[in-house]
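Given next are the chains, with one letter for each unit.
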Amino acid sequence: MHVADVADRVARGELTAEAACARSLEAIAAKDGALHAFLHVARDEALAAARAVDDRRRRGEPLGPLAGVPVAIKDAICTEGLPTTAASKILRGYVPPYDATAVARLRAADAIVVGKTNLDEFAMGSSTENSAYGVTRNPWDPSRTPGGSSGGSAVAVAAGMAPCALGSDTGGSIRQPASLTGTVGLKPTYGRVSRYGLIAFASSLDQIGPFASDVRGAARVLSVLAGRDPRDATSLDAAVPDLEAACGREVRGLRVGVPDEYFAEGLAPEVGESVRAALRALEERGCVLRPVRLPHTSYAVATYYVLATAEASSNLARYDGVRYGLRVDPRLDLRAMIGATRDAGFGAEVKRRILLGTFVLSSGYYDAYYLKAQKVRTLLRRDFDDVFREVDVVCSPVSPTPAFKFGEKLADPIAMYLSDVYTLPASLAGLPAMSVPCAPTRAGLPVGLHVVARPLEEATMLSVAAACEAAFPCASPL
Ligand code: GLN
C-alpha cells in the first residue's frame, strides 16, 4: 500500500493505524534478517503511537495527513528516545534527547516511526558498505548494494517494510539509492526542509527528503516536512504549494532539457536506453525535449569532494570523546584520549575525508583548493541558471550504472566517487532533484530517471516524475 492509501483508509476508519503498523513490523520481521535495512526497530513505541492515533480517531478528532503511515528514519536523523548512531561506532549507544524537526513534523502529521535505517557512516558513501554495523542488501538482487548513503531507507521502502522513509542527500544519497532500488526519492531545494536534528556532514549541501513507493507519497511526505523552522537558519520562509495536486497535472508543453554531458562516457548502455525510453514517454505526453549544455559538469566531482570533505572535517571535530558516544581510555591525557577515541571510533572512509578536508582548508592550500572549489561551484550554478531560462526541468540518468555488486567499488574510492557524477551538480547548485523509476534493465535491475527543477519548483518536478511513473509502473522486488 502506498502512503496516501494507508493515510486515507486510516482517516476513513477502514484500516486501523495499529493494523498498518503491525503489517509493517511483520514485514520487517520476515525480511530484514536477509536485507538488514534497519539498525533499530522501535516495535513497542510504534505500536503505542499507532494505538494513540486510533484512539483519537475513535474520539472523532481530526487526523493528520500521514495518519497511521509507517515511516522509517535514516539513522543520521535524531529521534527522541531512540538510538541514533549515523552508522558510526563513535555514536554507539547515543540516544538523542530530542526529535529532529523533520521527525517532529512527521509525528505531528500522525505518521508512525517504525525504526532507524542503515547508512554509510556519517552518510559518506554510495553503497551503504561504509556502515560500521554491516551492509544492507538490495532486494532486487541480494548480491548487490542498494546504493547509498541512505541505503537502509531505500530498501525499507523497496521491500515493502514501510511505504515511506526519510533520507538525507548531500551529493545524491537519496536519489542514487532510490534509483538503484526502484523507489521514488526526492531531494528538496536547499532550505526547503529544516535540518535541525540531522547529524551534519556538509552543511552547505545537506538536505532531508523522502523516499516513497510512489510519487504522490513522496509529495505528501514533502508537504509535511517543508517550511520555515526557526531552529535552522538556512530554512526558507517560502510558501509550499499543493504538491500532491501537482502529481496529476498535465505536462503538455513543459520543456525538458536533456544535457549532452550526462549521456557521455561512463554511462552504462542499458541505463542510457531506459532513460531515453523514459524521455520518449514524456515526449508522447506532450513534453518538448530540448538538448542543453551544462559545460562545467566534468568539474562537479572534484568540486564536491573538496567542499564536502572540508565541511565534514569541521563538522566532525565535535566527536572528541567528551560530549558524545565513544570514549577510549579516559586515563590518557586529553589530547591522547581524543586521538585514541577518534582513531577507534571512525571508519576508514570517514578518516580519509577528515584528512582530505583538513588538507584543503590548511593555510597555503586553502586558496588552491577550497577557494577555487567555491568559485567552480558558482560556475556550476550558473550553468543551471542559463539552462533554466530555456527549459522547465532537466532530465538525465541518476546513476551511471544499475546496482553494483558488494566490493566492486570499495577498494577504489575514486570509482565510488564517480558514481555520483550525475547527482552532484544539482546538489552544488542547491536545486530540487528526484529519482523516479523508469524501465528496468534486461536483467531486471531498477533504473531511475533524474528530474531537476528550478529552486522551489518541486511541484513542476513532481508533475514530470508522475508522468514518468504513469508510463513505467514499478513492480515490487519481492
Ligand atoms: N556519495 C556521496 C558521498 O559519498 C554523497 C553522499 C550523500 O549524499 N550523503 O559523499
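As shown above, the structure is provided for reference.
What counts as what
Residues numbered from 1 in each chain as written. Predicted model: local features only at pLDDT ≥ 70, side-chain atom pairs only at ≥ 80, totals over all residues. Heavy atoms only, no water. Buried < 20%, exposed > 50% of the residue type's maximum accessible area, 1.4 Å probe, protein only. Helix = DSSP H or I, 4+ residues; strand = E, 2+ residues; numbered from the N terminus. Pairing = 2+ DSSP bridges. Right-handed = clockwise from strand over helix to strand, strands pointing away. Axes fitted to C-alpha atoms, helices over the stretch in contact; angles between N-to-C directions. Contact = heavy atoms within 4.5 Å. Nonpolar A, V, L, I, M, F, W, Y, C, P; charged D, E, K, R; others polar. Near = heavy atom within 4 Å. Polar contact = N/O pair within 3.5 Å; in protein donor to acceptor, adjacent residues only side chain to side chain. Areas by Shrake-Rupley, 256 points an atom, 1.4 Å probe, with all protein chains shown as cover. 1 Å grid on protein atoms, 1.4 Å probe; cavity = no way out; pocket = protein on both sides within 12 Å on 5 of 7 lines; lining within 4 Å. Sits in = over half its atoms within 2 Å of the grid points. Salt bridge = Lys/Arg side-chain N within 4 Å of Asp/Glu carboxyl O. Phe/Tyr/Trp six-rings, centres within 6.5 Å; stacked < 30°, edge-to-face > 60°. Lys NZ or Arg CZ within 6 Å of the ring centre and 35° of its normal. Points joined across faces, edges and corners; volume = space filled by probe spheres on them. Core = buried A, V, L, I, M, F, W, Y, C linked by side-chain atoms within 4.5 Å. Expected span 1.5 Å × (residues − 1). Arc of directions from axis to C-beta.

A closer look at the pairing of strand 7 (residues 255–259)
The element strand 7 is extensively covered by neighbouring structure, given that 4 of its 5 residues are classed as buried. Alignment of strand 7 against strand 8 (residues 288–292), held across 5 bridges, turns out to be parallel. Across the sheet, residue Pro259 finds its bridge partner in strand 8, namely Val292. In this fold, the crossover linking strand 7 to strand 8 by way of helix 9 (residues 269–284) has right-handed handedness. Here strand 7 runs beside strand 9 (residues 393–397); their pairing, made up of 2 bridges, is parallel. If you follow Gly257 over to strand 9, its bridge partner there is Val394.

Some words on the packing of helix 1 (residues 3–12) against helix 7 (residues 215–225)
The interhelical angle for the contact between helix 1 and helix 7, taken along N-to-C directions, is 65°, at an axis separation of 7 Å. Residue-level contacts link Val3, Ala4, Ala7 and Asp8 of helix 1 to Arg216, Gly217 and Arg220 of helix 7. The residue inventory of the contact of helix 1 with helix 7, partitioned by class, reads 3 nonpolar, 1 polar and 3 charged.

Considerations on the site of the ligand
In the neighbourhood of the ligand, 15 residues make up the surrounding shell, with Thr170, Gly171, Ser173, Tyr304 and Arg353 lying closest. Between an oxygen atom of the ligand and a main-chain N or O atom of Thr170, the distance comes to 2.8 Å. Calculation on the ligand without its partners gives an accessible area of 290 Å², and the protein chains cover 100% of this total. With respect to the detected pockets, the ligand is housed in the largest cavity. Class assignment of the residues belonging to the shell around the ligand gives a composition of 5 nonpolar, 7 polar and 3 charged.

Remarks on the pattern of salt bridges
Opposite charge on two side chains permits them to pair, given that their charged atoms come into close proximity. One pass over the structure, following the stated rule, counts 29 salt bridges. A salt bridge links Arg175 to Asp169, with the nearest nitrogen and oxygen atoms 2.9 Å apart. Across this residue pair, the class does not change: Arg175 and Asp169 are buried.

Considerations on the packing of aromatic side chains
Applying the stated criterion across every chain yields a total of 14 aromatic pairs. Between Phe359 and Tyr369, the ring centres sit 5.7 Å apart and the planes meet at 45°, which makes this aromatic pair tilted. Of this pair, Phe359 sits in helix 12 (residues 348–361) while Tyr369 sits in helix 13 (residues 367–387), and the two are 10 residues apart along the sequence. Looking at Phe359, the relative accessible area reads 36%, which means it is partly exposed. By relative accessible area, which is 35% here, Tyr369 ends up partly exposed. By way of ring pairs, the aromatic residues Tyr94, Phe122, Tyr319, Tyr324 and Phe346 are connected into one cluster. We note Lys409 situated over the ring of Phe404; from NZ or CZ to the ring centre the distance is 4.5 Å.

With respect to the layout of surface pockets
There is about 590 Å³ of room inside the largest pocket. Every residue lining the largest pocket is counted, 32 residues in all, and those nearest its centre are Met1, His2, Val157, Gly160 and Ser213. Of all the secondary-structure elements, those providing two or more residues to the lining of the largest pocket are helix 2 (17–35) and helix 5 (151–158). At 5 residues, helix 2 tops the list of elements feeding residues into the lining of the largest pocket. The residue inventory of the lining of the largest pocket, partitioned by class, reads 20 nonpolar, 8 polar and 4 charged. By volume, the second largest pocket amounts to about 240 Å³. For the second largest pocket, the full set of lining residues is Glu261, Ala264, Glu265, Gly266, Leu267, Leu294, Pro295, Thr297, Ser298, Pro400, Val421 and Tyr422. Here the lining of the second largest pocket is built from residues that sort into 7 nonpolar, 3 polar and 2 charged.

Quick word on the nonpolar core
Counting 153 residues, the largest nonpolar core has Leu106, Phe122, Leu166 and Leu449 as the members making the most contacts within it. Apart from residues lying up to four places away in sequence, Phe122 is in contact with Ala86, Ser88, Ile90, Leu91, Ile199, Phe201, Leu316, Tyr319, Phe346 and Val350.

A short note on the pairing of strand 4 (residues 164–169)
Counted residue by residue, strand 4 has 6 buried out of 6 residues, so it is predominantly covered. Alternating positions in strand 4 separate into two faces, Cys164, Leu166 and Ser168 on one and Ala165, Gly167 and Asp169 on the other, with burial throughout. Alignment of strand 4 against strand 6 (residues 207–212), held across 6 bridges, turns out to be antiparallel. Note that in strand 6 the partner of Asp169 across the bridge is Gln207.

With respect to empty space enclosed by the protein
For the structure on display, the rule yields 2 cavities of 30 Å³ or more. Of the volumes computed, that of the largest cavity is approximately 80 Å³. Residues that form the lining of the largest cavity fall into these classes: 5 nonpolar, 8 polar and 2 charged. When its volume is computed, the second largest cavity comes out at roughly 40 Å³. Forming the boundary of the second largest cavity are Ala76, Phe122, Ala123, Ser168, Thr170, Leu198, Ile199, Phe201 and Asp206. Its residues assigned to classes, the lining of the second largest cavity comprises 6 nonpolar, 2 polar and 1 charged.

Focus on helix 12
The terminal C-alpha atoms of helix 12 lie 20 Å apart, and with 14 residues this matches the ideal 20 Å at 1.5 Å per residue to within 8%. Residues Glu349, Val350, Arg353, Ile354, Gly357 and Val360 constitute the buried set of helix 12. Each buried residue of helix 12 lies within a common arc of 140° when the element is viewed along its axis, so the set occupies one face. Exposed residues lying more than 90 degrees from the buried face of helix 12 are Ala348 and Leu355. Close packing links the buried residues of helix 12 with helix 10 (300–315), helix 11 (334–345), helix 13 and helix 14 (413–418).

That's the geometry; what it means functionally is another story.
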